[in-house]
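So you can see what is in the structure, the chains are spelled out below.
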Amino acid sequence: MRNDSLSKYISLILRHHPEIADVTLDSHGWAKVSDLIAGINKTRHIDMAMLEEIVANDKKGRYSFSEDKKYIRANQGHSINVDVELEECEPPEILYHGTGEKFTKSINAEGLNSGTRLYVHLSGDYDTAVKVGRRHGKPVVYVVKSGEMFREGYKFFRSVNGVWLTKEVPVNYLAD
Ligand code: HQG
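Reading the values: the criteria
Along every chain, residues carry numbers that run from 1 in the direction the sequence is written. Reporting of local features is limited, given that this is a predicted model, to residues whose pLDDT is at least 70; pairs of side-chain atoms are given and counted only at 80 or more, and all residues count toward the totals for whole chains, interfaces and linings. Here the side-chain values reflect all heavy atoms present in the structure, with hydrogen atoms and water set aside. The secondary structure listing takes helices from DSSP runs of H or I that are at least 4 residues long and strands from runs of E that are at least 2 residues long, numbered from the N terminus. Whether two residues touch is decided by their heavy atoms; if any such pair falls within 4.5 Å, the residues are in contact. Two rings from Phe, Tyr or Trp (for Trp, the six-membered ring) form a pair when their centres are within 6.5 Å of each other. A pair whose planes differ by under 30 degrees is stacked, one over 60 is edge-to-face, and the rest are tilted. For every residue, the accessible area obtained with a 1.4 Å probe (protein chains only) is divided by the maximum for its type, and the residue is called buried under 20%, exposed over 50%, and partly exposed between those limits. The rule is short: NZ of Lys or CZ of Arg within 6 Å of the ring centre and within 35 degrees of the ring normal puts a charge over the ring. Strand pairing is assigned whenever DSSP identifies at least 2 bridges connecting the two strands. Note on method: axes are straight lines fitted to C-alpha atoms, helices fitted across the in-contact stretch only, with angles between N-to-C directions ranging 0 to 180 degrees.

Caption draft 1: Inspection of the environment of L36 at higher detail. Along the chain, L36 turns up in helix 2 (residues 33-40). Sequence separation between L36 and K59 is 23 residues, and the spatial gap between their C-alpha atoms is 20 Å. Setting aside anything within four residues of it in sequence, one finds L36 in contact with I10, I13, L14, V23, L51 and I72.

As structure tokens, then:
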């Protein structure tokens, strides 16, 4: 539980607000591990062993260390414009997007946009999409015609922790 809350705080720092812990990200999203540890320690306790445990055991594999463990970054989910060297690849014929019922009117009119994040997040399986949707209230899952999108020139990326990402999903590629 304690690690869950620390992991959420690390997400906030590495994806959205590095300044709250006096951390800076380079253009590929890397932060200095020593800065991150020092920054977090201003308000709560963490050491290298705890950080290593969080990175190794995070349920969604949200973070990666550099090989020498001097740097750390979030694998996806950023609102800050960094290039985490996502792998561009051909998606399966169908992907899923979980959202909240409250957003469906707008999504049905405009399609999916990335909002404050750099990409729209898509899941390879239905159950994961339901979980993502629950974060926003009553869950609704859209089926995304990703194969058709890809053949028509849209780019898809897969993060190292298995999340599918694309810049937008126009409404004609959505089914529910
Ligand atoms: C919705 C978590 C109105 C979109 C998850 C979503 C994910 C629209 C919300 C990752 C819209 C943004 C990302 C439109 C999209 N009108 N609403 N046209 N287009 N939306 O949190 O996808 O635990 O930024 O459907 O598991 O929910 O943080 O994105 O509901 O992988 O690692 O706008 O975050 O992972 O919400 O979640 P979010 P998301 P972590």
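Caption draft 2: Here's a closer look at the packing of aromatic side chains. Counting across every chain of the model gives 3 aromatic pairs. Ring geometry for Y96 versus Y126: centroids 5.9 Å apart, planes at 90°, classification edge-to-face. Separated by 30 residues along the polypeptide, Y96 in strand 5 (residues 95-100) and Y126 in helix 5 (residues 126-134) bring together distant segments of the chain. Arranged with centres 5.4 Å apart and planes meeting at 70°, the rings of Y154 and Y173 form a pair that is edge-to-face. With Y154 in the loop between helix 6 (146-151) and strand 8 (157-158) and Y173 in the loop between strand 9 (164-166) and strand 10 (174-175), this residue pair connects regions lying 19 residues apart in the sequence. You can call Y173 buried: its relative accessible area is 5%. Stacked on the ring of Y9, the Lys or Arg R44 has its end atom at 3.8 Å from the ring centre.

Caption draft 3: Layout of the sheet that holds strand 1 (residues 31-32). Spatial ordering of the open sheet is given by 1-3-2, a layout of 3 strands whose pairing is antiparallel. The strands lining the two open edges of the sheet, one partner per strand, are strand 1 and strand 2 (63-65). Each of strand 2 and strand 3 (71-74) is contacted by helix 3 (residues 48-57), which is oriented at about 125° to strand 2, the strand it contacts most.

Caption draft 4: Region of the structure containing the pairing of strand 7 (residues 139-144). Both strand 5 and strand 7 contribute to a ladder of 6 bridges, which runs antiparallel. Looking at the pairing, H97 lines up with Y142 of strand 7. Both strand 7 and strand 10 contribute to a ladder of 2 bridges, which runs antiparallel. Within the sheet, the bridge partner assigned to V143 lies in strand 10 and is A175.

All we've got here are geometric facts, nothing functional implied.
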